[in-house]
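The chain contents come next:
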Amino acid sequence: MRDRQEESVAVVYLHAPFCVRRCFYCDFAVTVSPSPPVGSWISALDRELRLVEDEGLFGLARELETLYVGGGTPSLLGPAAMDGVKEVLGPGRLAREDLEWTAEANPESFHREVARRWRQAGVNRLSLGVQSFQAPVLRWMGRLHGPDDAREAVALARREGFANLNLDLLFGLPAEVDREWRKDLEAALALRPTHLSLYGLTVEPRTPLERAVRDRKVSPAGDERYREEFLWAAERLRAEGYRHYEVSNFALPGFESRHNLAYWQLRPYLGLGNSAHSFRFPMRRWNLRDWSAYQKAVGEGKLPVEGEERLSPAQARLERLWLGLRTDAGISSGELPSAGRGLLAGWIRKGWAEWWGSRVRLTAEGWLLLDSLVVELDGVLERSELQRDRGGKGGR
Ligand code: SF4
C-alpha cells in the first residue's frame, strides 16, 4: 500500500460555482450569474494552484489520474472553459492515456460547441444533471430544462464522442409534487447511460424548500416512500446489469467513477475553487465558500483556506468504517474484535449485510440505515479498545 503521507496528488477537483438561478432545494456554494466570468474563474484557479504549489503540502503528480470539474453548472462556462483548465494544470498533467476527466453539465447549457470543444480538450466523462424527465417536476425543482432537453443532451454527447455518461436523478420528492418515480427511472434506463447517481432529496437549511416545509406548503417524503423508491431502483438497475457500487451510485461494469473511488479509499486529493475540499491523511481542509471572498483572497496572494481539521485516531477509525460501508468494498470482518464480528453477524441475519469473499458489505436495505449502522459499529469498536487498554494496563 502506498504511503498516503508521501503519495503525490493525482486526483483533482475544480469547483465552478456559477448557475443561472438557484434550484428550489439547492444549498451548494452557488453564485447566481447568467453569464459567468470565465476568465476570472480560470485566473483565480491558476493563482490558487501557484499558492498551493508554493506551500508544498499537496504536491501534484506529474500526470493526474482523475480530474473532476463540478459545480454549480460548469457547462455555463462555455466551450473554452476546459481549454483554460488544461492550461492551468499544464497539458502534461492531463496526458495519461487512462485519465478520467469528468465535467458536469446541465442540459440547457450543453450546446454543440461546448460538447465539441470539451471533448477536444480531453473531457471523457460527462455528468448530466437530469433529475427528472417530467416537466411539472422539473418546474417544481426550479430547473431550466425540459425532458426533451435532457434526451437531446444525451444524444449530442454521444454524437460528439462521450461514451461515458452519468445521469443524476433525484428521488424521494414530496407527495405534493406527484412524481412518477418508476417512469422516470425507466426513461433514464431507455438512454442506457454508463452510470447513474440517485440522490434522495434532503431538506437543507436556508433553502426555499426548507421555508416551504416550515410553512407547511410541502411535506418531505416519508421514510416508507423513500425506502420503497430506493429499493425498487436498486433492484431494477441490478436487473439491467448495473453494479450498485456505492450507496447512491450505479455503473455498468468498468464505468465506476474512479474519482469518487479515490475519495472513498482515503487517497489524497486537491480541490481548487471556492468551497472546494482537499485531503491528505489525516488532514482535511476547505476553501472559503463565497466566490467573491475566495477571488479576493487569491488575488491578494493568500491561500483561500477557511478551515481545516486533523482526524484523531478515533475519527480516522470512524471515517474508515463509514467509507468502507458506503461502498460495496465493505469491511474486513477478520480485522474486527469479536464484539464487532458479532454485530456484523446480526446485520447479516437481518438482511442488512452480506458476505463478499472474506469481507462484509451492506445490502441496499443496509444502506438505508448506513449512518446509524456505522455509529453502532464504531461504538462497539470503541468499547472494545477501551476494554483492551484497561486489560493491558491491569496486566502490567
Ligand atoms: S443547477 Fe445544481 S448547483 Fe445549480 S442551483 Fe441547481 S442544484 Fe444547485
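Thresholds applied
- Residues numbered from 1 in each chain as written.
- Predicted model: local features only at pLDDT ≥ 70, side-chain atom pairs only at ≥ 80, totals over all residues.
- Heavy atoms only, no water.
- Near = heavy atom within 4 Å.
- Nonpolar A, V, L, I, M, F, W, Y, C, P; charged D, E, K, R; others polar.
- Domains from an automatic or database assignment.
- Buried area = accessible area lost by both parts, 1.4 Å probe.
- Helix = DSSP H or I, 4+ residues; strand = E, 2+ residues; numbered from the N terminus.
- Buried < 20%, exposed > 50% of the residue type's maximum accessible area, 1.4 Å probe, protein only.
- Contact = heavy atoms within 4.5 Å.
- Pairing = 2+ DSSP bridges.
- Axes fitted to C-alpha atoms, helices over the stretch in contact; angles between N-to-C directions.
- Parallel < 35°, antiparallel > 145°, perpendicular 65-115°, else oblique.
- Core = buried A, V, L, I, M, F, W, Y, C linked by side-chain atoms within 4.5 Å.
- Expected span 1.5 Å × (residues − 1).
- Arc of directions from axis to C-beta.
- 1 Å grid on protein atoms, 1.4 Å probe; cavity = no way out; pocket = protein on both sides within 12 Å on 5 of 7 lines; lining within 4 Å.
- Points joined across faces, edges and corners; volume = space filled by probe spheres on them.

### Observations concerning the site of the ligand
For step 1, the next point in the chain: By nearness alone, every residue bordering the ligand is listed as Cys19, Arg21, Arg22, Cys23, Tyr25, Cys26, Phe28, Val30, Gly72, Thr73, Asn106 and Arg143.
For step 2, the next point in the chain: Here the residues of the shell around the ligand sort into six nonpolar, three polar and three charged.

### Focus on the domain arrangement of the protein
For step 1, the next point in the chain: As far as domains go, the protein holds domain 1 (11–264) and domain 2 (312–396).
For step 2, the next point in the chain: Measuring from the centre of the C-alpha atoms in domain 1 to the corresponding centre in domain 2 gives 31 Å.
For step 3, the next point in the chain: A buried area of about 1000 Å², summed over both sides, lies between domain 1 and domain 2, and 62% of it is on carbon and sulfur atoms.
For step 4, the next point in the chain: In terms of surface lost to domain 2, no three residues of domain 1 exceed Arg227, Val247 and Trp264, which account for 42% of the buried area on that side.

### Considering the environment of Val298
For step 1, the next point in the chain: Positionally, Val298 belongs in helix H10 (residues 291–299).
For step 2, the next point in the chain: Exposure remark for Val298: the relative accessible area of 2% places this residue in the buried category.
For step 3, the next point in the chain: Residues Val298 and Gly351, 53 residues apart in the sequence, show an inter-C-alpha distance of 51 Å.
For step 4, the next point in the chain: Those residues in contact with Val298 that sit more than four places away from it in its chain are Ala44, Arg47, Glu48, Leu51 and Pro304.

### Let's talk about the sheet that holds strand S9 (residues 243–246)
For step 1, the next point in the chain: Taken together, the nine strands give an open sheet; going across it, the order is S9-S10-S8-S7-S6-S5-S4-S1-S11, and neighbouring strands pair in mixed fashion. The sheet terminates laterally at S9 and strand S11 (270–272), the two strands that pair on one side only. Mean inter-strand twist for the sheet, computed between neighbouring axes without regard to direction, equals 20°.
For step 2, the next point in the chain: Bridge count between strand S4 (residues 66–71) and strand S5 (residues 100–105): four bridges; the pairing is parallel. Bridged to Thr66 within S5 is Glu100.
For step 3, the next point in the chain: Here helix H2 (residues 81–89) sits on the sheet and contacts strand S1 (11–16), S4 and S5; the angle it forms with S5, its principal contact strand, is near 140°.
For step 4, the next point in the chain: Here helix H8 (residues 223–239) sits on the sheet and contacts strand S7 (164–171), strand S8 (195–200), S9 and strand S10 (249–251); the angle it forms with S8, its principal contact strand, is near 170°.

### Structural notes on the environment of Gly299
For step 1, the next point in the chain: As for its placement among the helices and strands, Gly299 is situated in helix H10.
For step 2, the next point in the chain: For the pair Gly299 and Glu48, spaced 251 residues apart in the sequence, the C-alpha separation amounts to 8.8 Å.

### Description of the side chain of Arg326
For step 1, the next point in the chain: Position of Arg326 relative to the elements: it lies in helix H11 (residues 313–326).
For step 2, the next point in the chain: Its relative accessible area of 17% is what places Arg326 among the buried residues.
For step 3, the next point in the chain: Among residues more than four places away in sequence, those in contact with Arg326 are Tyr245, Glu246, Val247, Trp264, Trp367 and Leu370.

### Topic: the packing of H2 against helix H3 (residues 112–121)
For step 1, the next point in the chain: Two elements in contact, H2 and H3, have axes whose closest approach is 8 Å; the angle formed by their N-to-C orientations is 20°. Here H2 lies roughly parallel to H3, going by the angle between them. In this structure, H2 contributes Met82, Asp83 and Lys86 to the contact, and H3 contributes Arg117, Trp118, Gln120 and Ala121.

### Thoughts on the nonpolar core
For step 1, the next point in the chain: Counting 91 residues, the largest nonpolar core has Trp41, Met82, Trp101, Phe110, Leu198 and Leu377 as the members making the most contacts within it.
For step 2, the next point in the chain: Viewed by domain, this core spans two of them, domain 1 (11–264) and domain 2 (312–396), each represented by three or more residues.
For step 3, the next point in the chain: Dropping the residues within four chain positions of it, Leu198 is found in contact with Leu169, Phe171, Trp181, Leu185, Ala233, Leu237, Ser248 and Phe250.
For step 4, the next point in the chain: One finds Cys19, Val30, Ala212 and Val218 within the second-largest nonpolar core, a separate group that totals 14 residues.

### As for the sheet that holds strand S12 (residues 277–280)
For step 1, the next point in the chain: Reading across from one edge, S12-S13-S14 is the order of the three strands in this open sheet, with antiparallel pairing throughout. In this open sheet, the two strands that pair with only one neighbour each are S12 and strand S14 (305–310). On average, adjacent strands in this sheet sit at an angle of 15° to one another, irrespective of strand direction.
For step 2, the next point in the chain: Pairing between strand S13 (residues 283–287) and S14: five bridges, direction antiparallel. When the bridges of S14 are listed, Arg285 appears paired with Glu308.

### Points about helix H12 (residues 338–350)
For step 1, the next point in the chain: With 13 residues, H12 should reach 18 Å at 1.5 Å per residue; the first-to-last C-alpha distance of 19 Å fits that figure.
For step 2, the next point in the chain: Those residues of H12 lying buried are Gly340, Leu343, Leu344, Gly346 and Trp347. Down the axis of H12, the smallest arc covering the buried residues is 155°, so these residues share one side. Across from the buried face of H12, at angles greater than 90 degrees, the exposed residues are Ser338 and Arg349.
For step 3, the next point in the chain: Gly351 occupies a position one or two residues after H12 and carries a positive phi of about 85°.

### Quick word on the layout of surface pockets
For step 1, the next point in the chain: The computed volume of the second largest pocket comes to approximately 860 Å³.
For step 2, the next point in the chain: Around the second largest pocket, the lining comprises 30 residues; the ones closest to its centre are Arg320, Leu321, Gly324, Ile331 and Arg359.
For step 3, the next point in the chain: Only helix H9 (258–264), H11, strand S15 (331–332) and helix H14 (370–395) provide two or more residues apiece to the lining of the second largest pocket.
For step 4, the next point in the chain: Considering every element that reaches the lining of the second largest pocket, the biggest residue donor is H11, with six residues.
For step 5, the next point in the chain: Domain assignment of the residues forming the lining of the second largest pocket places at least three in each of domain 1 (11–264) and domain 2 (312–396).

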